[in-house]
Amino acid sequence: MGIFKILGLILFLIISYIAFVVVVPPLNLPKNIPTIPFYVIFLPVIFPIDQTELYDLYIRESMEKYGAVKIFFGSRWNILVSRSEYLSQIFKDEDTFAKSGNQKKIPYSAIAAYTGDNVISAHGKVWRDYRNAITKGLQHFDDAPISKNAKLFCNKIKERVQNGQVSVHMGPLSQRLALDNISQVALGFDFATLKHEKNALHELLIHIKKQIFHPFFLTFPFLDLLPIPSRRKTFRDIARFRGLLVKRVQDQLINNYKFEQTTFAASDLIRAHNKGTIDYKQLSDNIVIILVAGHENPQLLFNTSLYLLAKYSSKWQERLRQEVKNVTDPKALADLPLLNAFLFETVRMYPPLNTIINRCTTKVCKLGMDIVIPKNVYVGYNNFGTSHDAKNWGPTANDFEPDRWGSDIETIRKNWRLAKNRCVVTAFHGGRRACLGEKLALTEMRITLAEMLNQLKWSLDPEWEEKFTPAGPLCPLNLMLRFKENVAK
Ligand code: HEM
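Everything numeric in this text was worked out from a predicted model, so none of it was measured.

Trainee: Sorry, what's going on with the overall build of the protein chain here?
Mentor: Looking only at helices and strands, the protein chain features 20 helices and 10 strands. Compactness check: the protein chain gives a C-alpha radius of gyration of 23 Å against a globular reference of 23 Å for 489 residues, within 12% of the reference. Dimensions of the protein chain, computed from the C-alpha atoms along their principal axes, are close to 85 × 55 × 45 Å. In the protein chain, buried positions account for 55% of the 489 residues. Considering only contacts in the protein chain between residues 6 or more positions apart, those separated by 24 or more positions represent 71%. Here the protein chain has roughly 22,200 Å² of accessible surface; of this, 60% comes from carbon and sulfur atoms. Across the protein chain, the centroid of the 64 positively charged side chains sits 4 Å from that of the 46 negatively charged ones.

Trainee: Help me understand the side chain of Gln282, please; the structure alone is not making it clear to me.
Mentor: Summarising the element assignment, Gln282 is placed in helix 14 (residues 280-311). Its relative accessible area of 17% is what places Gln282 among the buried residues. The residues touching Gln282, leaving out its near neighbours within four places in the chain, are Asp117, Val126, Tyr130 and Thr277.

Trainee: Even after reading the chapter, I still don't get the nonpolar core, so can you show me in this structure?
Mentor: Most often, soluble globular proteins keep nonpolar side chains buried together rather than apart. Counting 119 residues, the largest nonpolar core has Met452 and Trp458 as the members making the most contacts within it. Setting aside residues no more than four positions away along its own chain, Trp458 makes contact with Leu306, Leu309, Ala310, Ser313, Gln317, Arg321, Met452, Leu453, Leu481, Arg482 and Phe483. Grouped together as the second largest cluster of nonpolar side chains are 23 residues, Ile90, Ile356, Leu367 and Ile373 included.

Trainee: Which parts of the structure should I look at to understand the site of the ligand?
Mentor: Lining the immediate surroundings of the ligand are 27 residues, of which Arg131, Asn358, Tyr381, Arg433 and Cys435 lie closest. With respect to the ligand, the side chain of Lys99 contributes an N or O atom lying 2.8 Å from an oxygen atom. For the shell around the ligand, the elements supplying multiple residues, two or more each, are helix 7 (124-139), helix 14 and strand 5 (355-361). The greatest single-element share of the shell around the ligand, amounting to 6 residues, is contributed by helix 14.

Trainee: Before we go on, may I ask you to explain the coordination of the iron atom of the ligand in this structure?
Mentor: Put simply, the ideal angle at a metal is 109.5 degrees for four donors in tetrahedral geometry and 90 or 180 degrees for six donors in octahedral geometry. Within the protein, a single donor atom binds the iron atom of the ligand, namely Cys435 (SG) at 2.3 Å. On the secondary structure map, Cys435 appears in the loop between helix 19 (409-421) and helix 20 (438-455).

Trainee: For this particular structure, what's the right way to read the sheet that holds strand 2 (residues 76-81)?
Mentor: Reading across the sheet, the 5 strands line up as 1-2-8-5-3 and stay open at both edges, with mixed pairing between neighbours. Only two strands of the sheet have a single neighbouring strand rather than two, namely strand 1 (68-73) and strand 3 (97-99). Between one strand axis and the next, the sheet turns by 45° as a mean value, whatever way the strands run. Relative to strand 2, strand 1 runs antiparallel, the two being bridged by 6 bridges. When the sheet's bridge partners are listed, Ile71 is paired in strand 2 with Asn78. In the packing of helix 3 (residues 51-66) onto the sheet, the strands contacted are strand 1, strand 2 and strand 8 (378-382), and the crossing angle to strand 1 comes to about 140°.

Trainee: Could you clarify how one ought to interpret unusual backbone geometry in this entry?
Mentor: Leaving glycine out, the prevailing phi sign among residues is negative, and the prevailing peptide bond configuration is trans. The phi dihedral of Asn376 falls on the positive side, at around 65°, and the residue is not glycine. Position of Asn376 relative to the elements: it lies in the loop between strand 7 (371-373) and strand 8. The backbone of Asn478 sits at a positive phi, close to 50°, despite the residue not being glycine. Within the secondary structure layout, Asn478 lies in the loop between strand 9 (456-460) and strand 10 (480-485).

Trainee: How should I be thinking about the pairing of strand 8 in this particular structure?
Mentor: Each regular strand shows side chains that alternate between the opposite faces of the sheet. Taken across its 5 residues, strand 8 has 5 buried, putting it largely inside the fold. Side chains Tyr378, Gly380 and Asn382 of strand 8 all project onto a buried face; the interleaved residues Val379 and Tyr381 project onto the opposite face, where all are buried too.

Trainee: Even after reading the chapter, I still don't get the UniProt feature "binding site: heme" (unreviewed entry) in the protein chain, so can you show me in this structure?
Mentor: In the numbering used here, UniProt assigns the "binding site: heme" (unreviewed entry) feature to Cys435. With a relative accessible area of 37%, Cys435 lands in the partly exposed category. Ignoring sequence-local partners within four residues, the contact set of Cys435 consists of Phe428 and His429.

Trainee: Hey, could you run me through the pattern of salt bridges in this one?
Mentor: Between side chains of opposite charge, pairing is possible as soon as their charged atoms come close. Using the criterion set out here, one finds 29 salt bridges in the structure. Between Glu94 and Arg359 there is a salt bridge, with its nearest N and O atoms 2.9 Å apart. With Glu94 in the loop between helix 4 (84-92) and strand 3 and Arg359 in strand 5, the pair connects residues that are 265 residues apart, well separated along the chain. One exposure class covers both Glu94 and Arg359, and it is buried. The salt bridge partner of Lys125 is Asp129, with a shortest N-O separation of 2.6 Å. Residue Lys125 and its partner Asp129 are located together in helix 7, separated by 4 residues, close to a single helical turn. Members of the salt-bridge network, linked through shared partners, are Asp56, Arg60 and Glu64.

Trainee: Explanation requested: the pairing of strand 10 in the structure shown.
Mentor: With 2 bridges joining them, strand 4 (residues 168-169) and strand 10 adopt antiparallel strand pairing. Bridging across to strand 10, His169 finds its partner in Met480.

Trainee: Got a minute to help me understand the packing of aromatic side chains in this structure?
Mentor: The geometry of two aromatic rings is summed up by the distance between their centres and the angle between their planes. Inspection of the entire model under this criterion finds 22 aromatic pairs. Arranged with centres 4.3 Å apart and planes meeting at 20°, the rings of Tyr350 and Phe468 form a pair that is stacked. You can see Tyr350 sitting in the loop between helix 16 (337-349) and strand 5 and its partner Phe468 sitting in the loop between strand 9 and strand 10, a full 118 residues away along the chain. The pair Tyr350 / Phe468 is uniform in exposure class, with both members buried. Counting every residue linked through ring pairs, the aromatic cluster contains Phe38, Tyr39, Phe42, Phe72 and Trp77.

Calculation rules
- Every chain's residues receive numbers from 1 upward, in the order its sequence appears when written.
- Predicted model: local features are reported for residues with pLDDT of at least 70 only, side-chain atom pairs are reported and counted for 80 or more only, and whole-chain, interface and lining totals are derived from all residues.
- Computation of side-chain values covers all heavy atoms of the structure but excludes hydrogens and water.
- Numbering of helices and strands runs from the N terminus, with a helix taken as a DSSP run of H or I at least four residues long and a strand as a DSSP run of E at least two residues long.
- The size measure is the radius of gyration over C-alpha atoms, and the globule rule it meets is 2.2 Å times the number of residues to the 0.38 power.
- Exposure is judged per residue with a 1.4 Å probe applied to protein chains only, and the accessible area is read against the type maximum: over 50% gives exposed, under 20% gives buried, and values in between give partly exposed.
- Contact criterion: two residues are considered in contact whenever any of their non-hydrogen atoms come within 4.5 Å of each other.
- Shrake-Rupley sampling with a 1.4 Å probe provides the accessible areas, and residues are treated as covered by the protein chains on show and by no other component.
- Asp and Glu count as negative and Lys and Arg as positive, but His and the ends of the chain are not part of the count.
- A charge is said to be at NZ when it belongs to Lys, at CZ for Arg, at CG for Asp and at CD for Glu.
- Here the nonpolar core consists of buried residues drawn from Ala, Val, Leu, Ile, Met, Phe, Trp, Tyr and Cys, with membership extended through side-chain atoms lying within 4.5 Å.
- A cutoff of 4 Å decides nearness: a residue is near a molecule or strand if any of its heavy atoms lies inside that distance of it.
- We define a polar contact as two N or O atoms separated by no more than 3.5 Å, with the added condition that, inside protein, one atom must be a possible hydrogen donor and the other a possible acceptor, whereas residues neighbouring each other in sequence contribute only through side-chain atom pairs.
- Metal donors were taken as nitrogen, oxygen and sulfur atoms no farther than 2.8 Å from the ion, or 3.2 Å where the ion is Na, K or Ca. Water is excluded, so coordination may look unfinished.
- Note on pairing: two strands pair once DSSP finds at least 2 bridges between them.
- All axes here are fitted lines through C-alpha atoms, helices being fitted over the stretch that makes contact, and every angle between N-to-C directions spans 0 to 180 degrees.
- UniProt positions are given in the numbering used here, feature names are shortened, and annotations may be inferred rather than shown by experiment.
- Salt bridges are defined by distance alone: a side-chain nitrogen of Lys or Arg within 4 Å of a carboxyl oxygen of Asp or Glu.
- The aromatic pairing rule takes the rings of Phe, Tyr and Trp, using the six-membered ring of Trp, and pairs them if the centres are within 6.5 Å, calling planes under 30 degrees apart stacked, those over 60 edge-to-face and the rest tilted.

As structure tokens, this is what we get:
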């Protein structure tokens, strides 16, 4: 046999092997739950279909019937769950369904280099050390910077309106707001992207986010192992960004002669590092994750809130405007029934983190009564599926109805707590690993939306195509809004 025939045969075998691994789930995965065809996950790359449509067309029926499905994602077959009983089991049994983030799943990837081993993805004692260090700072924070930034944000929009700009692209502007909020509230420095148009750290962040969240490399992370020059540069840019960020935080806090009295989450991380509880890499990883989770997730929820207020402007925008009109104390916003019911319903309708697959089974186990899962299988959850399941939310599960949460604040709060405890809203996870930033994110939403409702009125740009993001984080895609000043203040 000639050399070309041998090479051809080897190539054929390699391609067949890869095709087999991608097309068919491993034979040891449970047979009593359906398989979503492997190509489904690639459809949004080819067709203009968003992730809510994808769910309705290809996943919903199987998911609602069985509560769990096999799905190809991130170069491997996984089990994706949406039934609340199963979620509750996964959230409780941390030892069996152990957190295993990108640093373990795809340690060679750019995304793993960016966020490292952090409080969201770590497991066991390491996780407890991280969580102990940052909990206080994320639960007790000063909301004054949020109010100040909300005003700066409204001024930015008003400047654009006064300059004759018809429509505003919300993504970049809301990212600046979210970065300034988290840096001032949790990291002890001011990113200052609302004050300065040109900002080197921000530009570097925008650049590396584009590279990290490139759909192709997210789908096939093993490509990061290849010596592709542009990807090597991405790794260097990530290292530079992380170095600059941590230095900025340390300089700001350590040069602060009152450092010992500062109560930022970052101050406690530096203290844990000084005591030797965490090393320098762990300090850096957790500072980065506070910045990443702390700006991206609120940014998504904020854009979705603005979208829903624009879409239901005559009903919800007007009702909320009347409710917040005379409230001067930002803390009092937490007691307003309409504003809070609106936010909870927004989180239910469009959970910012839709699909999260970062747990790996540590032993053979049973999900529910009869789904047997082998060891070392990735298990994840689908928040959109859970909060749109008629079994949990009745026949109006797909409708935007803030009134479903109740009409007085005590009932609304009780229903929110119950929904989280029963795992029928899992947007902020639950149990011991519940999101540490929920309070902060909701505070940001209340303060910023109230300021905007007082100062501005907005509607959807008629040119904007009403679509959500095709994959990954869930929010309106490239949202464009039209603003005018609220002259009847
Ligand atoms: C709308 C905003 C937010 C949403 C929807 C959200 C959602 C979530 C979810 C789903 C998880 C669990 C992730 C998993 O299963 O692996 C989580 C964990 C976490 N979130 Fe958030 N988050 C938000 C805002 C924030 C903010 C502002 C911070 C502040 C830094 C934050 C910090 C954290 C931390 C530290 C954890 C890890 C908790 C642990 O495992 O102990 N989040 N969040």
